[in-house]
Amino acid sequence: MRYLSDDYLKYMRQYVGKPVIRIKPTEDGNYCFTEKIVLLDFINYKEIRISWEDNSSRKFGLASPYLDENWVPLEYIFKYSHPEYLEYEGKWVKRKPNFDFDASFTRTTYKKDYKYFMNIATKTHLFISEYDDQGKILPFILHTSRDVSKNWILDPEFN
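Values in this document were obtained by computation on a predicted structure and should not be read as measured data.

### Focus on the overall build of the protein chain
- Regarding its fold elements, the protein chain presents 2 helices and 10 strands.
- Its helices and strands taken in sequence order, the protein chain reads α-β-β-β-β-β-α-β-β-β-β-β from the N to the C terminus.
- Within the protein chain, the fraction of its 159 residues that count as buried is 42%.
- A sequence separation of at least 24 residues applies to 56% of the contacts in the protein chain between residues at least 6 apart.

### Observations regarding the packing of aromatic side chains
- Taken as a whole and judged by the stated rule, the model has 13 aromatic pairs.
- Here the aromatic rings of Tyr116 and Trp152 are separated by 5.3 Å at their centres, their planes lie at 90°, and the arrangement is edge-to-face. Here Tyr116 is found in strand 7 (residues 115-121), whereas its partner Trp152 is found in strand 10 (residues 152-154), with 36 residues between them in sequence.
- A relative accessible area of 0% places Tyr116 in the buried class.
- Grouping aromatic residues by their ring pairs yields a cluster made of Phe33, Trp52, Phe60, Tyr66 and Trp71.
- The ring of Trp71 has Arg22 lying over it, and the distance from NZ or CZ to the ring centre is 5.2 Å.

### Focus on the pattern of salt bridges
- As enumerated under the stated definition, the model contains 3 salt bridges in all.
- Here Glu53 and Lys36 are joined by a salt bridge, their closest N and O atoms 3.5 Å apart. In this pair, Glu53 is assigned in the loop between strand 3 (47-52) and strand 4 (56-61) and Lys36 in the loop between strand 1 (19-22) and strand 2 (38-44), connecting sequence segments 17 residues apart.

### Observations regarding the pairing of strand 4
- Taken together, the 6 bridges between strand 3 and strand 4 define a ladder with antiparallel strand orientation. Pairing of Ser51 across the sheet is with Ser57, part of strand 4.
- Between strand 3 and strand 4, which pair antiparallel one after the other, the connecting turn spans 3 residues, and Asn55 there sits at a positive phi close to 65°.

### Looking at the sheet that holds strand 3
- Judged by pairing direction, the sheet is antiparallel, and its 5 strands sit side by side in the order 4-3-2-1-5 without closing on themselves. Single-partner strands in this sheet number two, and they are strand 4 and strand 5 (71-73). Taken pair by pair, the neighbouring strands of this sheet meet at an average axis angle of 40°, ignoring direction.
- As paired elements, strand 1 and strand 5 share 3 bridges and run antiparallel to each other. Bridging across to strand 5, Ile21 finds its partner in Val72.
- Where helix 1 (residues 6-13) meets the sheet, it contacts strand 1, strand 2 and strand 5, and its direction lies at approximately 135° from that of strand 2.

Quick notes on the rules
Residues numbered from 1 in each chain as written. Predicted model: local features only at pLDDT ≥ 70, side-chain atom pairs only at ≥ 80, totals over all residues. Heavy atoms only, no water. Helix = DSSP H or I, 4+ residues; strand = E, 2+ residues; numbered from the N terminus. Buried < 20%, exposed > 50% of the residue type's maximum accessible area, 1.4 Å probe, protein only. Contact = heavy atoms within 4.5 Å. Phe/Tyr/Trp six-rings, centres within 6.5 Å; stacked < 30°, edge-to-face > 60°. Lys NZ or Arg CZ within 6 Å of the ring centre and 35° of its normal. Salt bridge = Lys/Arg side-chain N within 4 Å of Asp/Glu carboxyl O. Pairing = 2+ DSSP bridges. Axes fitted to C-alpha atoms, helices over the stretch in contact; angles between N-to-C directions.

Take a look at the structure:
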């Protein structure tokens, strides 16, 4: 069984009720919650509880691969910029023209020529927006360890 360290617990307890996100997938490679901001409801050495905007919640205990030290406060990840994408922040981007579809990029509106707005690029996450057919802004997050995060170029049509 794995336990959370005392130092980690002391650090994370100050963020109960605040937004958190995972910075790494689980040991078995599950990316759930690495691309979703959730609220930290409770944490101790044997349990973590989170919730999100549609009143859903989840509890992870000792047997869960999600009870690890890869949950961090959202404010923490904004401290570390992604040097490769600094020039893209606040600009329109699109997928590289010769980019083959990656099944892990599961946006339902995915198109090779679809245009996105790069809001913030951190060391662990890309915060991006897309616009639907009615002009509504749809923000989403990509974890930078996925290959899909390496295939962006500035959109010459808008920049």
